[in-house]
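# Coordinates in review
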Amino acid sequence: MIVTAFGLFVIPQLKQQLFPTLDFPAAFVSAPYPGAAPEVVAAQVTGPIESALQGTPGLERMTSTSVEGMATIQVEFAFGTELDSATSKMDQALNRLALPDGVDPQVFAFRTDNFPVVILGASNTGEERQLADKLTKEVLPALQGIEGVREASLTGNRDQQLVITPNPAKLAAAGLAVPDLMNVLRVNGIAIPAGAVPQEDKSLTVSIGTPITTVAQIRELWLRPASGAPVQLGSVATVAEQLAPATAITRTNGKPSLGVIVFATPDGNAVGISHEISDMLPQLREKLGDGAELTPVFDQAPYVEKSIEGLTTEGLLGLLMAVIVILVFLLSIRSTIVTAVSIPLSVVVALIALQVGDYSLNVLTLGALTIAIGRVVDDSIVVLENIKRHLGYGEDRQEAILTAVKEVAGAVTASTLTTVAVFSPIALVGGIVGELFSSFAITVTVALLASLAVSLTVIPVLAYWFLKTSNGAAQEQVRAAAEAKERNSPLQRVYVPILQFATRRRWLTITGAIVVFMLTMASAGLLKTNFFDQSGETTLTVTQTMPTGTSLAATDEAAKKVEAVLEKTDGVDIYQVTAGAGGGFGFGGASNVATFSITLDEDAKALDMQASLRDELKKLTGAGEIKVDAGQGGGGFSASALQVIVQADDEATLKTATEQIRQAVSEVPDVKDVTSDLTKSAPRVQVTVDRQKATAAGLTEAQVAQSVAALFRGAPLGQYTLDGRRQQVMLTFGLPAPSSVDQLKALPVAGPITLGQIATIAVVDGPTQVTRIDGERSITVNGTATGSNLGKTTADLTTKLAALDLPDGATYTLGGASADQADAFGNLALAVLAAIAIVFLIMAATFKSLVQPLILLISVPFAATGAIAALLVTDTALGVPALIGVLMLVGIVVTNAIVLVDLINQYREQGASVQEAILEGGRRRLRPILMTAVATIFALLPMALGITGQGGFISQPLAVVVIGGLLSSTVLTLIVVPTLYSIFIGRKERKAAKQGETGQPEPAEESGSQPLGEPLPMQR
């Protein structure tokens, strides 16, 4: 009652998420360098950052990408690295760097809480600035005030800036040049502490200068030419506030919009945050004014709720089916209720443990609870069945319960510990699999330990209160009648003759089992394999890449073609496009790339929609390369992304090898959207300043560069708080940007002196992107596996690549989902072997024997027989969830064998021969073994069938494997394990009997159909 009451108080407080909070051991560094060419970014920004980060503890891999105006460095650490500490050391290393002016690298840790909970699209019929102001002042504070929200940020907005536009004629008449304007703010508006002046008994500090606080003060700044009278800035230039030039264009459902991104704290409740935002939307729309729209573009909550609701439904259905199975076997409502109590109690304890351990209710932990429902009842079934049998013998109630519990306590404890122990090797599994399934393992472990405690404490008490004992007749008569009823039951009339045949024809039985095992293993090659199933997704991502150098306006026009397709596509609920550098995560993007976030209708299937959209978008002309991905659901990993990483020292070799590999990947069946980040050289204008001529004109190379840059994008003069608003001050040239090389040559840089007079201007080819992995030039070929058999696709890809004749010096490695799958499968195989070793040690300690644990472990490979057969019959791929199911099977399948062998050993200790003990133990343990197996199978059946269709990407394959393994291992436990026991344990007895060295009678082949002579003391 105390546990239940505490659970009712704690469970509603559990946070709900799609996935558990994961700390991927990775971080990103983003360093904008506006206007710099890729090779300049690589040399002046990327290279120094790479060198500075080399000494970061735990560093495993560093990948850098240098594009025009931006350096991005991805740093991967060994799993187990403390990410906060690592990013702190990265920050310290970057702070010591001397980078070009204006370059401010930012570090971003990669964790699931950095994925948005909700993304809103905001639009109105008015000006963008007004909308941005209202969002900043009204919407963002309201969202940040929600409990569990870490940050609400605005994306896609253009900041207001103060632009100084010189008048060339007035500037020349005053004897000034653009560089003179660049210095005006640097030498004005500066407050400098000069010292202190003593006055009587006080010391007064002296401060010279006052900060600039208004736009008018900037207009009134004085400029002094080399000759002539001083002039004010406002007399030679226009000073005005305006929006910064657009670097990205965002639309929601075809309407221009801004984005509002909401992030949760690590302990934030994604579902609760989403609901509060939904409740606030009408009020927030009113604050934005008439004509304003605030539309959810992405929301984790519906997917989370559907997954949790589906898994809960399947769990409850499983519970109901398990209870029905128990009722059918025990034919007693009281006994069924007593046994079924263990399920809710164990689940409640597990949920309390999640809350105490600060875990969330997500598809992993809820899937674990649903899986555990079938197993937590096993211990209670064994205990109660034994209690009920002893009560049926007419024994005293208290004595019967105590004796029954003592008989099975050791076996139940050992069997539960073996099941729990198999999850400890999860710690050996690195990568995303280890991160994901650690909470799964903890949940199952707590639930099973709780079920053990319930079966040995609560169940006996409830049995004492509610179960009846046989009264009236003498105990021996009652016992004899009960045993006769047991022997004449349909189950025993079928099973005992089979067991007698198996133990008489031992080698025939073992040979048959081996043949079945070998046939099943031979069919394992027919299995499909994958990393994770992608069913259940509710979002799609479309990436549109135009040719390198495409302007933002041209990319936007191409994006409108894709929008037209999305608008008329059934199944698309909401779509948002961002063309250009509007990422919102600090990484920016190129002007030739547009990204679409698509939310699907509730009934739409992501994989079907992905294929349909891919076919429709292929029909577009002039739309560039288009890639369609199934959404990640906030998890941050892809189960279908293929990568081949190509490396070479020589640029020409690298390009040749990349093109060969790209062609090979595109020829692999079931691989679509093949692209590479091999970008063709793009023409650009190279201005080489003649330093002697520039000096003669009174200019430095830097001043010339600043003047030309100011013409195209303005020169930043710093940030100031003007009229209460923090804004950037920009200096422009005052002339329209040149549209040709000749116009660039004619650009005046110092009075009548033009750029062409002091510099050489030429059109040259240059790279558009420089990518390095651990300092080596590399290019990545990307593709999407569209089939259901990732393993076959990877094998086909490997074969294709192996047949290539690459240039000398070129190498490649597989990455993406293929590498993740290989890594996960290898680690899980080791985990299974470690689990088997742990189970062996536990059983060796339990039975004080090395032979008997080996006999019991025979159940494990035969469990694989049923698991493989179940995967083949249901056409389910062998992926990470299925392998977790195999790991569970190692612990589950030996539990029944432990219960059986433990009773056989008890009979032998009481003087029975091996054959008598096997037959009597098998007969008495038949019903509890079948009950536990069938109850577990039926409890998992709703999940295996995917009745609700939610959360199936993890739980469904796992349930299929456990059901198949239980079916085969149960049959083999009841037949093969006793046969092996007879062969190995009975060998000494048969040898002794043959030599006449024992007083034990020869094993009676037919004695199993009769009860042992005298009632065994432990059965009293």
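Let me sum up the structure you'll find in this document. Numbers given to residues run from 1 along each chain, matching the order in which its sequence is written. Note on the predicted model: pLDDT of at least 70 is required for a residue's local features to be given, and 80 or more for side-chain atom pairs to be given and counted; whole-chain, interface and lining totals, by contrast, use all residues. Remark: hydrogens and water are excluded; side-chain values derive from all non-hydrogen atoms of the structure.

### A few points about the overall build of the protein chain
- When helices and strands are tallied, the protein chain shows 33 helices and 31 strands.
- The dimensions of the protein chain, computed from C-alpha atoms along their principal axes, are 130 × 75 × 65 Å.
- Burial status follows relative accessibility: with a 1.4 Å probe on protein chains alone, a residue under 20% of its type maximum counts as buried, one over 50% as exposed, and anything between as partly exposed. Sorting the 1020 residues of the protein chain into buried and exposed places 52% on the buried side.
- In the protein chain, of all internal contacts separated by at least 6 residues, the share reaching a separation of at least 24 is 80%.
- Total accessible area on the protein chain stands at roughly 44000 Å², and carbon and sulfur atoms take up 57% of it.
- In this charge count, Lys and Arg are treated as positive and Asp and Glu as negative; neither His nor the chain ends contribute. Here the site of a charge means atom NZ of a Lys, CZ of an Arg, CG of an Asp or CD of a Glu. Side-chain charges in the protein chain split into 70 positive and 93 negative, and the spacing between the mean points of these groups amounts to 5 Å. Helix and strand definitions follow DSSP, with helices as H or I runs of at least four residues and strands as E runs of at least two, each counted in order from the N terminus. By the convention used here, residues are in contact when the closest approach between their heavy atoms is within 4.5 Å. Per-residue accessibility takes into account occlusion by the displayed protein chains alone, with areas from the Shrake-Rupley method and a 1.4 Å probe.

### Points about the pattern of salt bridges
- Definition used for salt bridges: Asp or Glu carboxyl oxygen within 4 Å of a side-chain nitrogen of Lys or Arg. Summed over all chains, the structure comprises 18 salt bridges.
- Salt-bridge contacts for Asp133 lead to Arg129; the nearest nitrogen and oxygen are separated by 2.9 Å. Of this pair, Asp133 and Arg129 both sit in helix α4 (residues 128-144), separated by four residues, roughly a single helical turn. We note that Asp133, like Arg129, is buried.
- Residue Arg662 is joined to Glu659 by a salt bridge in which the shortest nitrogen-to-oxygen separation is 3.0 Å. Of the two residues, Arg662 and Glu659 are both situated in helix α21 (residues 651-666); the distance of three residues between them amounts to about one turn of the helix.
- Through salt bridges with shared partners, one network takes in Arg251, Asp556 and Glu563.

### Looking at the packing of aromatic side chains
- Aromatic pairs are defined between Phe, Tyr and Trp rings, using the six-membered ring for Trp, whenever the two ring centres lie within 6.5 Å; interplanar angles under 30 degrees are classed as stacked, those over 60 as edge-to-face, and all others as tilted. Per the counting criterion, the structure on display carries zero aromatic pairs.
- It is Arg397 that lies over the ring of Tyr464; its NZ or CZ is 5.8 Å from the centre. In this analysis the charged atom, NZ for Lys or CZ for Arg, is taken to sit over a ring once it is within 6 Å of the ring centre and within 35 degrees of the ring normal.

### Focus: the pairing of strand β19 (residues 593-600)
- At least two DSSP bridges between two strands are needed for those strands to be called paired. Pairing between strand β17 (residues 539-545) and β19: seven bridges, direction antiparallel. When the bridges of β19 are listed, Thr541 appears paired with Ser597.
- Sheet topology places strand β18 (residues 572-580) next to β19; seven bridges connect them, and they run antiparallel. Across the sheet, residue Ile574 finds its bridge partner in β19, namely Thr599.

### Quick word on a negative patch on the surface
- Residues forming no salt bridge and having over 30% relative accessible area are the ones grouped into patches, like charges within 9 Å of each other and nonpolar side chains (Val, Leu, Ile, Met, Phe, Trp, Tyr) within 5 Å. Where like charges cluster on the molecular surface, the negative patch consists of Asp570, Asp573, Asp601, Glu602 and Asp603.
- Relative to the helices and strands, Asp603 is located in the loop between β19 and α20 (606-618).
- For Asp603, a relative accessible area of 73% translates into the label exposed.

### Focus: the sheet that holds strand β6 (residues 149-155)
- Here we have four strands laid out as an open sheet, ordered β6-β15-β5-β16, and antiparallel in their pairing. Two strands close off the open sheet at either side, each with one partner strand: β6 and β16 (293-299). Strand-to-strand, the axes of this sheet are offset by a mean angle of 20°, without reference to chain direction.
- Where β6 and strand β15 (residues 258-264) come together, six bridges link them in antiparallel fashion. By the bridge assignment, Ser153 is partnered in β15 with Ile261.
- For every element, the axis is a line fit to its C-alpha atoms; helices are fit only across the contacting stretch, and the angle between N-to-C directions ranges from 0 to 180 degrees. α4 rests against β5 (118-123), β6, β15 and β16 of the sheet, and its axis sits at about 175° to β6.

### Concerning the sheet that holds β18
- Taking strand neighbours across the sheet as the criterion, the six strands line up as β14-β13-β18-β19-β17-β20 in an open arrangement whose pairing is antiparallel. Edge positions in the open sheet fall to β14 (255-256) and β20 (625-630), since each of these has one partner strand only.
- The pairing of strand β13 (residues 248-252) with β14 spans two bridges and is classified as antiparallel. Each residue of the ladder has a partner; that of Arg251, found in β14, is Pro256.
- Contacting β13, β17, β18, β19 and β20, helix α19 (residues 552-567) crosses the sheet at an angle of about 170° to β18.
- The sheet strands contacting α20 are β17, β18, β19 and β20, and the helix crosses β20 at an angle near 175°.

### Focus on the environment of Ala863
- For Ala863, the position within the fold is in helix α29 (residues 859-874).
- Judged by its relative accessible area of 2%, Ala863 falls in the buried class.
- Considering only alpha carbons, one finds Ala863 and Leu966, 103 residues apart in sequence, at a separation of 6.4 Å.
- Not counting chain neighbours up to four residues away, the residues in contact with Ala863 comprise Leu889, Val893, Gly965, Ser968 and Ser969.

### Section: unusual backbone geometry
- Phi is positive for Glu200, close to 55°, though the residue is something other than glycine.
- Tracing the chain through its elements places Glu200 in the loop between β8 (192-199) and β9 (202-208).
- A relative accessible area of 81% means that Glu200 is categorised as exposed.
- With a phi close to 65°, Asp670 is a non-glycine residue in the positive phi region.

### Some remarks on the environment of Arg713
- The topology assignment puts Arg713 in helix α23 (residues 701-713).
- Sequence separation of Arg713 and Asn183 is 530 residues, and the distance between their C-alpha atoms is 18 Å.
- Setting aside residues up to four positions removed in sequence, Arg713 forms contacts with Pro34, Gly35 and Met730.

### Observations regarding a nonpolar patch on the surface
- Together, Leu317, Leu320, Ile324, Val328, Leu945 and Ile947 make up a nonpolar patch on the protein surface, roughly 560 Å² of accessible area in all.
- Ranked by residues supplied to the nonpolar patch, first place goes to helix α10 (residues 300-330) with four residues.
- Here Leu320 is to be found in helix α10.
- Overall, Leu320 belongs to the partly exposed group, its relative accessible area being 48%.

### Let's talk about α29
- Its 16 residues place the ends of α29 23 Å apart at the C-alpha level, agreeing with the 22 Å of an ideal helix rising 1.5 Å per residue.
- Residues of α29 that are buried include every one of Ser859, Val860, Phe862, Ala863, Thr865, Gly866, Ala867, Ile868, Ala870 and Leu871, and no others.
- Immediately downstream of α29, the backbone of Asp875 shows phi near 55°, a positive value. Given the number of residues in a helix, its expected span is that number minus one, multiplied by 1.5 Å.

### Some details on the nonpolar core
- Of all hydrophobic cores here, the largest spans 163 residues; its most connected members are Ile387, Phe437, Phe440 and Val880.
- Considering each element in turn, this core owes the most residues, 19 residues, to helix α30 (residues 880-909).
- Counting residues in hydrophobic clusters, the runner-up holds 28 residues, among them Leu140, Ala152, Leu258 and Met280. We call a set of buried Ala, Val, Leu, Ile, Met, Phe, Trp, Tyr and Cys residues a nonpolar core when their side-chain atoms join them within 4.5 Å.

### Describing the packing of helix α1 (residues 2-10) against helix α12 (residues 342-356)
- It is at 9 Å that the axes of α1 and α12 come closest, and there the two elements cross at 50°. Judged by the inter-axis angle, α1 sits oblique to α12. Helix-helix and strand crossings are classified by hand; for α1 and α12 the assignment is left-handed. Of the residues in α12, those in contact with Val3, Thr4, Phe6, Gly7 and Val10 of α1 are Leu345, Val348, Val349, Ile352 and Gln355.
- Split by residue class, the contact of α1 with α12 holds seven nonpolar, three polar and no charged. Roughly parallel means an angle under 35 degrees; roughly antiparallel, over 145; roughly perpendicular, 65 to 115; everything else is oblique. When the near helix sits turned anticlockwise from the far one by under a right angle, the crossing is termed left-handed; a clockwise turn instead gives a right-handed crossing. Each residue gets one of three labels, nonpolar for Ala, Val, Leu, Ile, Met, Phe, Trp, Tyr, Cys and Pro, charged for Asp, Glu, Lys and Arg, and polar for the others, Gly among them.

### A few points about the environment of Pro57
- Secondary-structure assignment places Pro57 in the loop between α2 (38-53) and β2 (59-67).
- With relative accessibility at 45%, the residue Pro57 sits in the partly exposed group.
- Each C-alpha atom, one on Pro57 and one on Ala641, is 29 Å from the other, the two residues being 584 residues apart in sequence.
- When sequence neighbours within four positions are dropped, the list of residues in contact with Pro57 reads Phe77, Thr81 and Lys89.

### Comments concerning α12
- With 15 residues, α12 should cover 21 Å at 1.5 Å per step; its first-to-last C-alpha distance of 21 Å lies within 8% of that length.
- Taken as a whole, α12 has its buried residues at Ser342, Ile343, Leu345, Ser346, Val347, Val348, Ala350, Leu351, Ile352 and Leu354.

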